[in-house]
Amino acid sequence: MPAPLRAVWLTNTSGLTLDGGSISVIDGNAFAGEGLIESFKPGERRLLSYAADQGVLVSAKMDSAPGRVLRIRARDGFVVQQTEDRASWSYTARSEESTPVTLIVEHRQRPGWTLAGGQVPAESTPDAHRFRVVVPPGKEATLTVREVRTGETRVSVSDFMDVQVSPLTVAGASSDSLQRALAPLLAKRSALAAIERQLHALDSQRQTIVADQQRLRENMKALRGSAEEKQLLQRYTRQLDEQEDKLEALRKEIADTTKQRETAQEELNLLIGSFAYES
């Protein structure tokens, strides 16, 4: 990090608005440095930096924890997951000065992040929180700033059931009660999937028979005028009759299975719409 800056806090007690410009700082009858300041309203407080401080070294390090799920609730067909991210910043300062140094740490504010509880900065601006740290002479002092960010994810129950629940346990939410609550929905969806597979198999059988009938009819056309025509026509006709009987049975089974699917889908929709959960 760049060397910290020497600075002073100024408060405008003049009752007048002071124009912006450069300010020279005198310390112990000696020139200490100069800085720039914007226009200064009555009663306003500003931190003015005026020179680099080579006697203090500061390093910063950020540690972030994996996000975790704080709360899961479901209602009206939607699941809302409330999550929390945590991060901490460690500012370590070492002073080579012979007297204690008061260090003002400007911790930049990040969109969506707030300070964790129990931390009170000396002051806050729209861009940063300012913390006061006293560094003993020839020693180190560390300031830890903890931040949290909360968010919500809203998904439909149908989409949520497609997500693996196990990662929620890793993220901080127990999956046992959630699995139990979802069990009736998952069972109904599994039953619906079985009906869908049955329908697919029945339709495949129907398509196979229709294709075979088409082949038989083409063969019957090709027989005209041949010596085997009568015998083969009789055989092909029997096969077509048998296939028509199978098709009729398949059509009825497909119609019945389609009704089962519609009923199962309606039941699943009702379960999804009435699903309620909170952890």
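All values derive from a computational prediction rather than experimental measurement.

Asker: Explanation requested: the overall build of the protein in the structure shown.
Answerer: A count of helical and extended segments in the protein gives four helices and 12 strands. A burial count over the protein gives 30% of its 279 residues as buried. Considering only contacts within the protein whose residues lie at least 6 apart along the sequence, 70% involve residues at least 24 apart.

Asker: Would you explain the sheet that holds strand S10 (residues 128–135) in this entry?
Answerer: Strand-to-strand pairing in sheets goes through backbone hydrogen bonds, with the strands running parallel or antiparallel. With antiparallel pairing, the three strands of this open sheet are ordered in space as S7-S10-S9. Edge positions in the sheet fall to strand S7 (101–108) and strand S9 (123–124), since each has one partner strand and no second. Sheet analysis places S7 next to S10, joined by eight bridges and oriented antiparallel. Along S10, the bridge assignment pairs Leu103 with Val133.

Asker: Teacher, can you tell me more about the sheet that holds strand S5 (residues 56–75) here?
Answerer: Strand order in the open sheet formed by five strands is S8-S11-S6-S5-S12, with antiparallel pairing between adjacent strands. Each having just a single partner strand, strand S8 (114–115) and strand S12 (277–278) make up the two edges of the open sheet. Pairing between S5 and S12: two bridges, direction antiparallel. If you follow Arg73 over to S12, its bridge partner there is Glu278.

Asker: How do you make sense of helix H3 (residues 176–222) when you look at a structure like this?
Answerer: An α-helix turns once every 3.6 residues. As a result, residues three or four positions apart point the same way. Between its terminal C-alpha atoms H3 stretches 67 Å, which fits the 69 Å expected from 47 residues at 1.5 Å a residue. Remark: the principal bend of H3, roughly 45 degrees, maps to Ala183, with a proline, Pro184, within the next four residues. Among all positions of H3, only Leu178, Leu182, Leu185, Leu192, Ile195, Leu199, Leu202, Ile209, Gln213, Leu216 and Met220 are buried.

Asker: Please clarify how the layout of surface pockets should be interpreted in this entry.
Answerer: Remark: the empty space left among the atoms is shown by a probe the size of a water molecule rolled over them. Quantified by volume, the largest pocket comes out at close to 960 Å³. Lining the largest pocket are 30 residues, and of these Pro4, Leu5, Arg6, Ala7 and Ile104 sit closest to its centre. If you list the elements that add at least two residues to the lining of the largest pocket, you get strand S1 (5–11), strand S4 (45–52), S5 and S7. With seven residues, the top contributor of residues to the lining of the largest pocket is S7. Taken as a whole, the second largest pocket holds about 200 Å³ of empty space. Lining the second largest pocket are Leu36, Ile37, Glu38, Arg45, Arg46, Leu47, Leu48, Ser49, Glu123, Thr125 and Arg130. When contributions to the lining of the second largest pocket are tallied by element, the ones reaching two or more residues are strand S3 (30–37) and S4. Sorting elements by how many residues they give to the lining of the second largest pocket places S4 first, with five residues. For the lining of the second largest pocket, the per-class residue count stands at four nonpolar, two polar and five charged.

Asker: Just to check I follow, could you spell out the packing of aromatic side chains for this structure?
Answerer: Any aromatic ring pair is given by two values, namely how distant the centres are and how the planes are angled relative to each other. Within this structure, the stated rule accounts for zero aromatic pairs. Directly above the aromatic system of Trp9 lies the positively charged group of Arg45, at a separation of 4.0 Å from the ring centroid.

Asker: Explain the pairing of S3 here, please?
Answerer: Looking at chain direction, strand S2 (residues 21–27) and S3 are connected through seven bridges and run antiparallel. If you follow Ile23 over to S3, its bridge partner there is Gly35.

Rules and cut-offs
Per chain, residues are indexed from 1 in the order of the written sequence. Owing to the predicted nature of the model, reporting of local features is limited to residues with pLDDT of at least 70; listing and counting of side-chain atom pairs is limited to 80 or more, with chain, interface and lining totals taken over all residues. Here the side-chain values reflect all heavy atoms present in the structure, with hydrogen atoms and water set aside. Secondary structure follows DSSP: runs of H or I at least 4 residues long count as helices, runs of E at least 2 residues long count as strands, and numbering of each begins at the N terminus. Only protein chains enter the area calculation, which uses a 1.4 Å probe; residues under 20% of their type maximum are buried, those over 50% are exposed, and those in between are partly exposed. Every residue pair with non-hydrogen atoms within 4.5 Å of one another is taken to be in contact. Strand pairing requires that DSSP identify at least two bridges connecting the strands. One fewer than the residue count of a helix, multiplied by 1.5 Å, yields its expected span. The quantity called bend is, for any residue, the angle between two axes fitted respectively to the seven residues ending at it and the seven beginning at it. Site definitions follow a grid-based scheme: protein atoms alone, a 1 Å grid, a 1.4 Å probe that fits but cannot get out for cavities, and for pockets an open set with protein on both sides within 12 Å along at least five of seven lines, plus lining residues having an atom within 4 Å of a point. Grid points are joined across faces, edges and corners, and a volume is the space filled by probe spheres set on the points. Polarity classes work like this: nonpolar for Ala, Val, Leu, Ile, Met, Phe, Trp, Tyr, Cys and Pro, charged for Asp, Glu, Lys and Arg, and polar for all others, with Gly in that last group. For Phe, Tyr and Trp, where Trp contributes only its six-membered ring, two rings pair if their centres lie within 6.5 Å, and the inter-plane angle classes them as stacked under 30 degrees, edge-to-face over 60, or tilted in between. The criterion for a charge sitting over a ring is simple: Lys NZ or Arg CZ within 6 Å of the ring centre, and within 35 degrees of the ring normal.

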